[in-house]
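Fold and geometry: a report
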Amino acid sequence: MSKSFGNVINPHDLLDIYSVDAVRWYICREAPYGGDLSFSESNLMDMHNSELCDTLGNLIHRATNLCTKYCEGIVPDVPNPDDSPINFGNFRSEFVAKMDGFELEGAGGLIMQGYRDINGWLTEKEPWKKKGDEFNEFRQVVVRATLEACYAMAHFLLPFIPNGVKMIFDKLGTPPKALLDLDTNLRNLRVGTKVNVGDVLFQKIVSEDELNAAEAAKKKAVDYATAQKLKKEKKAKESAKSKAGQKSGASTPNQPNFTKMDIRVGVIKRVWNHPEAEKLYCEEIDCGDEDGKATREVASGLRDFYSLKDMENRKVLVVCNLKPSKLIGFVSNGMVLAAKEGNGGKVELISPPENAKIGERVFVEGVSGEPLSSAQIKKKKVWDTVAKCLKTGEGGIAMWEEKAIMTTAGACSATSLVGAPIS
């Protein structure tokens, strides 16, 4: 920006479009204290959508929803978990040190990492998979630990996004405390306090191009739905038959390894470059999850082979029951399947049919069974065993033990690679 050339940014004009919190957060996160800011409106939008909406807002909405579902909407009277979502004492010390040194951008990054850690911990615990009354306390322990961690970390956000933080404290029914008065054991919420779900903290900002694209996609979807109307009943019957077959194998002692994996059709809703790893994309993928969140975050080493435009809104196969893994600061909650040449010179995503249903679990004919938990998959090294038998066959069809990997809409495949291992 230059006053001489007149290419300045009027903050009042920005505030006509964006919230105060969005502008404050962007400036604090993007510019070193006292330094120059290379202003980009698209970066402001991306940072708002990625950090305030997806990381912070989704976690708060997810945690309060789970509290309503498992704790009747109040803070339960349960003990601490054996392992805490975060080491709050360490976070507080690091935050104070950065603020004392006027490292606002570093302090903001630390806060977001804390919320990613909480979300990763919640995802790893998977309380929604623990069915039955015998797991009531476990579910409530996980929910309260998540709420407590979110409440404590919200204090760090007060200098940055005061309006959004007030909403967090209101949702949790507990006002803020002095930073040094917070219990590092994360027992700051009073038992019986009402927890409110309410509205999401932040609405995503959509550009004019995205709005136009959304309108075009909506029209295309309507036309497509009309064309596919005659096939709807047939697909529903095939899907029901597939699910019945999978359930019937749940109690089989010699369950085939492929059926222990939860591999689903997903669509990439958003993708961006990993800020620190030059080969990685970070993706938000809708896999039809039923655990209180709209999308799952996944990292893929595909930047050398696909552009951001190629990845956006693409249907893929996602391995959904792997334990979360941290890849250079980014918690990946799954794996996108791709075929690879032996020398790594060519990589092709495994794609389901265009009309495959989002969230459908893929299958191979003649075998069935229920998927295992992520902990069982890791302990028994199931994925390692399954991956050894995955490759592409004639026409690029994805195969396991020479059997095609299917959806009810047809087989999944790579574009051109034949005889290539899949991982």
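Considering the confidence of the model for the protein chain
Per-residue pLDDT for the protein chain averages 86, and the proportion of residues at 70 or more is 86%. Mean pLDDT per element in the protein chain: helix α9 (residues 232–248) is the minimum at 52, and helix α6 (residues 136–157) is the maximum at 96. This stretch, residues 244–251, has a pLDDT under 50; its non-local contacts, to residues over four places away or in other chains, come to 16 contacts.

Focus: the pattern of salt bridges
Counted by the stated rule, this structure contains 17 salt bridges. The partner of R29 in a salt bridge is E51, and the shortest N-O contact between them spans 2.7 Å. Taken together, the residues span a long stretch of sequence, with R29 in helix α2 (residues 20–30) and E51 in helix α3 (residues 41–71) at a distance of 22 residues. For E51, a relative accessible area of 7% translates into the label buried. Between K326 and D117 there is a salt bridge, with its nearest N and O atoms 3.1 Å apart.

Some thoughts on the sheet that holds strand β1 (residues 263–273)
Across the sheet, five strands lie side by side as β3-β2-β1-β4-β7; this open sheet has antiparallel pairing. Both edges of this open sheet fall to β3 (296–300) and β7 (335–336), since each of them pairs with a single strand only. Where β1 meets strand β2 (residues 281–286), six bridges bridge the pair, whose relative direction is antiparallel. Along β2, the bridge assignment pairs I268 with I285.

As for the nonpolar core
Judged by nonpolar contacts, the single largest core of 59 residues is most densely connected at L56, Y115 and I161. Not counting the four nearest positions on each side in its chain, Y115 is found in contact with T55, L56, L59, I60, C150, M153, A154 and L157. Core analysis: the second largest hydrophobic core is formed by 28 residues, F258, V265, A339 and I405 among them.

A short note on the packing of aromatic side chains
Using the criterion set out here, one finds six aromatic pairs in the structure. Measuring from centroid to centroid gives 6.2 Å for W272 and F330, while their planes differ by 80 degrees, and the two rings are edge-to-face. One end of the pair, W272, is in strand β1; the other, F330, is in strand β6 (residues 330–332), with 58 residues separating them in the sequence. Each member of the pair, W272 as well as F330, is classed as buried. Each residue in the set F88, F95 and F156 is aromatic and connected to the rest through ring pairs, giving one cluster. It is K130 that lies over the ring of F138; its NZ or CZ is 5.8 Å from the centre.

Points about the packing of α2 against helix α5 (residues 104–125)
Two elements in contact, α2 and α5, have axes separated by 6 Å at closest approach and are oriented at 110 degrees. Between α2 and α5, the angle falls in the class roughly perpendicular. On the side of α2, the interface is formed by W25, C28 and R29, while α5 contributes L104, E105, G108, G109 and M112. Of the residues assigned to the contact of α2 with α5, the class counts are four nonpolar, two polar and two charged.

Cut-offs used in this document
Just so you know, the residues in each chain are numbered from 1, in the order the chain's sequence is written. Thresholds applied to this predicted model are a pLDDT of at least 70 for local features of residues and 80 or more for the giving and counting of side-chain atom pairs; totals over whole chains, interfaces and linings are not thresholded and use all residues. Hydrogens and water molecules were not included; the side-chain quantities draw on all heavy atoms of the structure. Known as pLDDT, the predictor's per-residue confidence is scaled from 0 to 100. In DSSP terms, a helix is any run of H or I states spanning at least four residues, a strand is any run of E spanning at least two, and both are numbered starting from the N terminus. Whether two residues are in contact is decided by their heavy atoms: any pair within 4.5 Å suffices. Note on definitions: salt bridges are taken to be side-chain nitrogens of Lys or Arg within 4 Å of carboxyl oxygens of Asp or Glu. Only protein chains enter the accessibility calculation, which uses a 1.4 Å probe. A residue is then buried if its area is under 20% of the maximum for its type, exposed if over 50%, and partly exposed in between. Only strands joined by at least two bridges in the DSSP assignment are considered to pair. In these notes, a set of buried Ala, Val, Leu, Ile, Met, Phe, Trp, Tyr and Cys residues joined through side-chain atoms within 4.5 Å is what counts as a nonpolar core. Ring pairs shown here join Phe, Tyr and Trp side chains whose ring centres sit within 6.5 Å, with only the six-membered ring taken for Trp; geometry is labelled stacked below 30 degrees between planes, edge-to-face above 60, and tilted in between. Here, over-ring charges are defined by two tests on the NZ atom of lysine or the CZ atom of arginine: distance to the ring centre within 6 Å, and angle to the ring normal within 35 degrees. To get an axis, a line is fitted to the C-alpha atoms, and for a helix only the part in contact is used. The angle between two axes follows their N-to-C directions and goes from 0 to 180 degrees. An angle counts as roughly parallel when it lies under 35 degrees, as roughly antiparallel when it exceeds 145, as roughly perpendicular when it falls between 65 and 115, and as oblique in every other case. Polar here means any residue outside two lists: the nonpolar Ala, Val, Leu, Ile, Met, Phe, Trp, Tyr, Cys and Pro, and the charged Asp, Glu, Lys and Arg; Gly therefore counts as polar.

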